[in-house]
Amino acid sequence: MNKNDHDLAVKVHSAMYHQCKRRGYAAPVDVLMDLGALSKENYEAWRFGRVSYLERVCTMNLRKLSFIMHQIRVYARKMDLKPSFNYYKQWGVKKKGGQGHKPVIPLRFSKSGEPDIERWYATHFVDSKQIAKLKEAAKELPENIEDGL
């Protein structure tokens, strides 16, 4: 692994660690934003369907994106995080005629649309132990607020 790849791997692992610590899970799109490979504006444009696929608006080439996705899985395996598939659908879709369900428009991540690549982008990694700690801390929160008054 060359120096640039090593540095990038360290940044990916750090982003994964901080996301899990903060909310109990890490998501590839959030790792890309943490690394500066994806801006919040471009992420939102993709979510609203103004961009045909996510990789199109990432500032890193496909080799680096592939490396990042691999490092996300390496970290998840090392830390025993549980994979959880998430279905990404387009935001801001209006109901037709105001009746029934909103149409669901799936979002695409990659230029190729290859199912394995799509699945990895859509997979969040869950730290069950950290989620339990966060839930416990949330339960204690109201008492702490009252104690401070």
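If you're wondering where the values come from, they're calculated on a predicted model, not measured in any experiment.

A. Broad picture of a positive patch on the surface. A cluster of basic residues, Lys 89, Lys 94, Lys 95 and Lys 102, forms a positive patch on the protein surface. Positionally, Lys 89 belongs in the loop between strand 2 (82-85) and helix 5 (115-122). Lys 89 sits in the partly exposed class, given a relative accessible area of 41%.

B. Quick peek at the sheet that holds strand 1 (residues 25-26). Judged by pairing direction, the sheet is antiparallel, and its three strands sit side by side in the order 1-3-2 without closing on themselves. The open sheet has two edge strands with one neighbour each: strand 1 and strand 2. In this structure, strand 2 lies alongside strand 3 (residues 123-126), joined through four bridges in antiparallel fashion. In the sheet register, Phe 85 faces strand 3, and the bridge partner there is Thr 123. Set on the sheet, helix 5 makes contact with strand 2 and strand 3; between it and strand 3 the angle comes to about 40°.

C. Structural view of the pattern of salt bridges. Under the definition given, this model contains six salt bridges. For Asp 5, the salt bridge identified is with Arg 63, shortest N-O distance 2.9 Å. Of this pair, Asp 5 sits in helix 1 (residues 3-23) while Arg 63 is found in helix 4 (residues 62-78), placing the two residues 58 residues apart along the sequence. With a relative accessible area of 9%, Asp 5 lands in the buried category. Under the relative-accessibility criterion, Arg 63 is labelled partly exposed at 47%.

D. Structural context of the nonpolar core. Ranked by internal contacts, the top residues of the largest apolar core, which has 36 residues, are Met 16, Leu 32, Trp 46, Leu 54, Ile 68 and Tyr 88. Secondary structure elements with two or more residues in this core: helix 1, helix 2 (28-34), helix 3 (40-47), helix 4 and helix 5. Considering each element in turn, this core owes the most residues, seven residues, to helix 4. With sequence-adjacent residues up to four places away left out, Met 16 is seen in contact with Ala 26, Val 31, Ile 72, Tyr 75, Leu 81 and Phe 125.

What counts and how
- Residues numbered from 1 in each chain as written.
- Predicted model: local features only at pLDDT ≥ 70, side-chain atom pairs only at ≥ 80, totals over all residues.
- Heavy atoms only, no water.
- Patch = residues over 30% accessible without salt bridge, like charges linked within 9 Å, V, L, I, M, F, W, Y side chains within 5 Å.
- Areas by Shrake-Rupley, 256 points an atom, 1.4 Å probe, with all protein chains shown as cover.
- Salt bridge = Lys/Arg side-chain N within 4 Å of Asp/Glu carboxyl O.
- Lys, Arg positive; Asp, Glu negative; His and termini not counted.
- Charge placed at Lys NZ, Arg CZ, Asp CG, Glu CD.
- Helix = DSSP H or I, 4+ residues; strand = E, 2+ residues; numbered from the N terminus.
- Buried < 20%, exposed > 50% of the residue type's maximum accessible area, 1.4 Å probe, protein only.
- Pairing = 2+ DSSP bridges.
- Contact = heavy atoms within 4.5 Å.
- Axes fitted to C-alpha atoms, helices over the stretch in contact; angles between N-to-C directions.
- Core = buried A, V, L, I, M, F, W, Y, C linked by side-chain atoms within 4.5 Å.

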